[in-house]
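# Residue-level structural notes
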2 protein chains.
Amino acid sequence: MTSSLRMSSPPRLEAVSGFRAEVRREDADAVEHLVRATGVFSEAEIGIARELVEEYLAEGETESGYTFLFADGAEGLEGYTCFGPIPGTVARYELYWIAVHPDRHRRGLARRLQAASEDVARARFVQRMIAETSTKPNYAPARRFYEAQGYKLLAEIPDWHEDGDGKAVYGKRL
Amino acid sequence: MTSSLRMSSPPRLEAVSGFRAEVRREDADAVEHLVRATGVFSEAEIGIARELVEEYLAEGETESGYTFLFADGAEGLEGYTCFGPIPGTVARYELYWIAVHPDRHRRGLARRLQAASEDVARARFVQRMIAETSTKPNYAPARRFYEAQGYKLLAEIPDWHEDGDGKAVYGKRL
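Let me begin by describing the structure that accompanies this report. Being a predicted model, the structure only gives us computed values, none of them experimental.

### Observations concerning the packing of helix 1 (residues 27-37) of chain A against helix 2 (residues 43-64) of chain A
All names here are of chain A.
- With their axes 9 Å apart at the nearest point, helix 1 and helix 2 run at an angle of 155° to one another. Relative to helix 2, helix 1 is oriented roughly antiparallel. The chirality of how helix 1 crosses helix 2 is right-handed. Taking contact as the criterion, the partners of D27, A28, D29, V31, E32, V35 and R36 in helix 1 are, on helix 2, E43, I46, A49, R50, V53 and E54.
- Looking at side-chain class alone, the contact of helix 1 with helix 2 contains 6 nonpolar, no polar and 7 charged residues.

### Observations concerning the interface of chain B and chain A
- The interface is formed by 22 residues belonging to chain B together with 23 residues belonging to chain A.
- Roughly 1,800 Å² of surface becomes buried between chain B and chain A when both sides are summed, with 55% attributable to carbon and sulfur atoms.
- Viewed at the interface, chain A and chain B are joined by 6 salt bridges.
- Salt-bridge contacts for R173 of chain B lead to D159 of chain A; the nearest nitrogen and oxygen are separated by 3.3 Å.
- Counting across the chain B and chain A interface gives 16 residue pairs in polar contact (both at pLDDT 80 or more).
- Of all the secondary-structure elements, those providing two or more residues to the side of chain B that touches chain A are strand 6 (128-134), strand 7 (152-162) and strand 8 (165-173) of chain B.
- The leading source of residues in the side of chain B that touches chain A is strand 7 of chain B, at 8 residues.
- Split into classes, the residues belonging to the side of chain B that touches chain A amount to 11 nonpolar, 4 polar and 7 charged.

### Some details on a negative patch on the surface
- Negative charge collects at one region of the surface, where E51, E59 and E63 of chain A together with E51, E59 and E63 of chain B lie side by side.
- Of all the elements in the fold, those that place two or more residues in the negative patch are helix 2 of chain A together with helix 2 (43-64) of chain B.
- Positionally, E63 of chain A belongs in helix 2.
- Residue E63 of chain A is classed as exposed on the basis of its relative accessible area, which comes to 63%.

### Topic: the relation of the copies chain B and chain A
- Turning chain B through 180° and shifting it by 0.0 Å along the axis lays it on chain A, with an RMSD of 0.0 Å. As the rotation angle and translation indicate, the two copies are arranged about a two-fold axis. Across chain B, the rotation axis passes nearest the C-alpha of A155 of chain B, at a separation of 3.2 Å.
- Looking at chain B, 100% of its interface residues are interface residues in chain A too, so the copies touch through the same face.

### Considerations on the environment of E75 of chain A
- Mapping E75 of chain A onto the fold places it in the loop between strand 3 (67-73) and strand 4 (76-85).
- Between the C-alpha atoms of E75 of chain A and S64 of chain A, which are 11 residues apart in sequence, the distance is 29 Å.

### What about unusual backbone geometry?
- Phi is positive for A91 of chain A, which is not a glycine, with a value near 60°.
- Secondary-structure assignment places A91 of chain A in the loop between strand 4 and strand 5 (92-100).
- Taking relative accessible area as the criterion, A91 of chain A reaches 25% and is therefore assigned partly exposed.
- Phi is positive for D159 of chain B, close to 60°, though the residue is something other than glycine.
- Within the fold, D159 of chain B resides in strand 7.
- Here D159 of chain B falls in the partly exposed class, since its relative accessible area comes to 23%.

### Here's the deal with the packing of aromatic side chains
Residue and element names in this part refer to chain A.
- Summed over the entire model, instances satisfying the criterion amount to 22 aromatic pairs over all chains.
- Ring geometry for Y56 versus F68: centroids 5.6 Å apart, planes at 85°, classification edge-to-face. Taken together, the positions of Y56 in helix 2 and F68 in strand 3 put the pair 12 residues apart, joining distant regions of the chain.
- For Y56, a relative accessible area of 10% gives the class buried.
- Taken together, Y56, F68, F70 and Y80 form an aromatic cluster joined through their ring pairs.
- Here K167 stacks its cationic end above the ring of W160, 3.8 Å away from the centre of that ring.

Cut-offs and rules
- The written sequence of each chain sets the order in which its residues are numbered from 1.
- Throughout, the order in which chains and ligands are written sets their labels, letters from A for the former and numbers from 1 for the latter.
- Whole-chain, interface and lining totals are the exception, using all residues; otherwise, since this is a predicted model, local features are given only for residues with pLDDT of at least 70 and side-chain atom pairs are given and counted only at 80 or more.
- The side-chain quantities take in all heavy atoms of the structure and omit both hydrogens and water.
- Here an axis means a line fitted to C-alpha atoms, over the contact stretch when the element is a helix, while the angle between two N-to-C directions is reported on a 0 to 180 degree scale.
- Counting from the N terminus, the helices are the DSSP runs of H or I reaching at least four residues and the strands are the DSSP runs of E reaching at least two.
- Any angle that falls under 35 degrees is termed roughly parallel, while one over 145 is termed roughly antiparallel, one within 65 to 115 roughly perpendicular, and all others oblique.
- By definition, any crossing whose near helix is turned counterclockwise from its far helix by less than a right angle is left-handed, and any crossing with a clockwise turn is right-handed.
- Should any heavy atoms of two residues lie within 4.5 Å, those residues are considered in contact.
- Under the grouping applied here, Gly and all other residues not named as nonpolar or charged are polar, the nonpolar ones being Ala, Val, Leu, Ile, Met, Phe, Trp, Tyr, Cys and Pro and the charged ones Asp, Glu, Lys and Arg.
- Buried area is a sum: the accessible area each of two parts loses on coming together, probed at 1.4 Å, counted once for each and added.
- Each salt bridge in this description consists of a side-chain nitrogen of Lys or Arg and a carboxyl oxygen of Asp or Glu lying within 4 Å of one another.
- We define a polar contact as two N or O atoms separated by no more than 3.5 Å, with the added condition that, inside protein, one atom must be a possible hydrogen donor and the other a possible acceptor, whereas residues neighbouring each other in sequence contribute only through side-chain atom pairs.
- Patches here: salt-bridge-free residues with over 30% relative accessible area, like charges joined within 9 Å, nonpolar side chains (Val, Leu, Ile, Met, Phe, Trp, Tyr) joined within 5 Å.
- Residue burial considers only the protein chains on display, and all accessible areas are found by Shrake-Rupley using a 1.4 Å probe.
- Note that His is not counted, nor are the chain ends; the positive residues are Lys and Arg, and the negative ones are Asp and Glu.
- Charge placement uses NZ in Lys and CZ in Arg. For Asp and Glu, CG and CD serve respectively.
- Remark: exposure states derive from per-residue accessible area (1.4 Å probe, protein chains only) relative to the maximum for the residue type, with buried under 20%, exposed over 50%, and partly exposed in between.
- What sets the superposition is a least-squares fit of C-alpha atoms, and only residues with pLDDT of at least 70 in both copies go into it.
- Stacked, edge-to-face and tilted are the three classes for Phe, Tyr and Trp ring pairs, Trp counted by its six-membered ring, which pair at centre distances within 6.5 Å; planes under 30 degrees apart are stacked, over 60 edge-to-face, the rest tilted.
- Criterion for a charge above a ring: Arg CZ or Lys NZ at most 6 Å from the ring centre, at most 35 degrees from the ring normal.

Read these as layout, nothing more, since geometry by itself doesn't imply function.
Okay, structure coming up:
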């Protein structure tokens, strides 16, 4: 017996449903630009979105705990998701980010990115995907989007982000 | 005018209410040992507790986002807390860890560590401290402890950590 059949590391994700899984140096700028262009997120949130890309680039997928799917278009990044295991849980992933450029809305891109992210998680035996968002009125489209994709509201915590800005926690069995 | 009155960085926390705030290399082992000795936490959780100390040692307080308070005793570490800002929130801290060696229980050490952590947060204008724990029966002492310290149950999410192991979210206005 040789050990040639043993894999030294899991196969690297390159592309899923036509989305790019490889993370490139320029994605930090592209993600910051895209997330800002949505007009929904605060500067602190935009900073966090960028930081996750930078953590991935510095530490890799396993150490950072993030997986990305990117939708590339003729004029640059059109949308992306970032998801990964929730520390301290078993077979639970969180969809940390999903964003689509405002010019690319209403073409089903967010829905396809979401579905592809769930496919990746399902293939890793993840049982439940969590998505958290704000209870504020301007996040109503995000809440409707999750509900339309089969997510159930698990909890609402008033004043979570700051006074007057609660957290809505959604979950979906995969 | 000289610039001698301008501080180049915030004053470093050295000790609070008799607890040590300085983090030392050997604290990674000491925290792992202490958290395991409690008999409450899973191996995954023990790994996370250690990791937070290592992140602090590698990145410092601001970058890691963690502040520690250690209770040193004649025979080593008797208890500690780890807390810091919740990303994406304003003036919200989470008490990530509080653990006391089983031999040191019932002497009010956990209560004093908790109070000192809240004092540090209050001095930083934090408005709300969050503490999350499990809904499982063996975490009942932790839930009673938070309630006795003035924490209110904000949400319970069934099956959060895994099926049958929910999350209880507590919060306290500072």
